[in-house]
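Architecture and fold: a report
What follows is each chain in one-letter form.
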Amino acid sequence: MVTPEAGAEAGNLLDQVSAEGLLGPGRPVLVLLSGGRDSTCLLGLAVHICGADSVSALHVNYGMRDSAERDQSHCAELCRRLGVRLQIRRPEHPHAGNLQAWAREERYTAAAAELAAGRGTDVAVGHTATDQVETILYRLASSPSRRALLGMKPRDGAVIRPLLRYTRAQTAAWCAEQGLEWCEDDTNDSDVFARGRIRSELVPAFRTIHPGAERNVIAVAEILREEAAVELARLRRLPLPLARLVVQRLADRASGSLAPGVARRTPEVLALREDRTAMLDVGAGVRAVAE
């Protein structure tokens, strides 16, 4: 359902996403397109902001749902209407193991193959603020660490999430405003997977405690991400003993407890290159990342 509040905000969505700069005129972007409301909204926004010639789409048909062919046909028609090149992948799914993890791996592997043909292309995924809350709650339940509270980042290497500040209600309202139809995935609300149980049971329970519960969860994640981000250039300007103290404090915060011995890896942290995504495991289960 599209609420009046979401409808009022939908008109500003294009300007807001454009102003945030993850999508830009003429900047090449590959949209991971499922056919749902969020990825449909993302594709439409990318065409408006970047231009159709700079946008391509990737749809992965896992063939695991009765509606898989319907979703593929919808994506093909949507891309034809918007003038976007579409690539379709149909991987063979395994008969055992974590199907959600496998599907995610297939999606990003296919995206990486597409990116190999063009340098400087971003991969845009339709994660929303609603997904952010569900991700944080899932990680809190399954992995007791400070990382759980950080949530997803707007940019993670080549992966960008232009809709991360907006809700599913807003993406639905914008699609309705633009006359863009989407496919509903009936498995989204299923209790078979943990995500579905969080969406249908845990998040509504949070709302009964406080109407702003979801906004508050996201606000905490944004504050913690800002605290965890230190510019390497500023860190390098510090005297080495002080830089060691900063690195050790960041490691302690990241691990949620003491992370002994990380300070001595400070020279290696300072040597990380920022012209690409670089990672360094510094011990105690902590990783330093430079982007």
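Above this text is the structure in question.
What comes next concerns the included structure.

Take Ala-129: it is sitting in helix H5 (residues 129-142). Looking at Ala-129, the relative accessible area reads 5%, which means it is buried. C-alpha of Ala-129 to C-alpha of Glu-214: the two residues are 85 residues apart in sequence and 8.5 Å apart in space. Discounting residues that sit within four places of it in the chain, Ala-129 has contacts with Leu-163, Leu-164, Arg-165, Tyr-166, Thr-167 and Ile-218.

In this section: the environment of Glu-184. In this fold, Glu-184 is placed in the loop between helix H7 (168-178) and helix H8 (194-209). Glu-184 sits in the partly exposed class, given a relative accessible area of 40%. For the pair Glu-184 and Ser-67, spaced 117 residues apart in sequence, the C-alpha to C-alpha distance is 9.4 Å. Within polar-contact distance, the side chain of Glu-184 engages the side chain of Arg-37 at 3.2 Å.

Where helix H2 (residues 37-50) contacts helix H3 (residues 68-82), the axes come no closer than 11 Å and their chain directions differ by 15 degrees. Looking at the two axes, H2 sits roughly parallel to H3. Considering how the two elements wind past one another, H2 and H3 form a crossing that is right-handed. Between H2 and H3, the residues in contact are Thr-40, Leu-43, Gly-44 and Val-47 and His-74, Leu-78, Cys-79 and Leu-82, respectively.

What counts and how
- Residues numbered from 1 in each chain as written.
- Predicted model: local features only at pLDDT ≥ 70, side-chain atom pairs only at ≥ 80, totals over all residues.
- Heavy atoms only, no water.
- Helix = DSSP H or I, 4+ residues; strand = E, 2+ residues; numbered from the N terminus.
- Buried < 20%, exposed > 50% of the residue type's maximum accessible area, 1.4 Å probe, protein only.
- Contact = heavy atoms within 4.5 Å.
- Polar contact = N/O pair within 3.5 Å; in protein donor to acceptor, adjacent residues only side chain to side chain.
- Axes fitted to C-alpha atoms, helices over the stretch in contact; angles between N-to-C directions.
- Parallel < 35°, antiparallel > 145°, perpendicular 65-115°, else oblique.
- Left-handed = near helix turned anticlockwise from the far one by under 90°.

Scope: geometric values only; no functional claims are made or implied.
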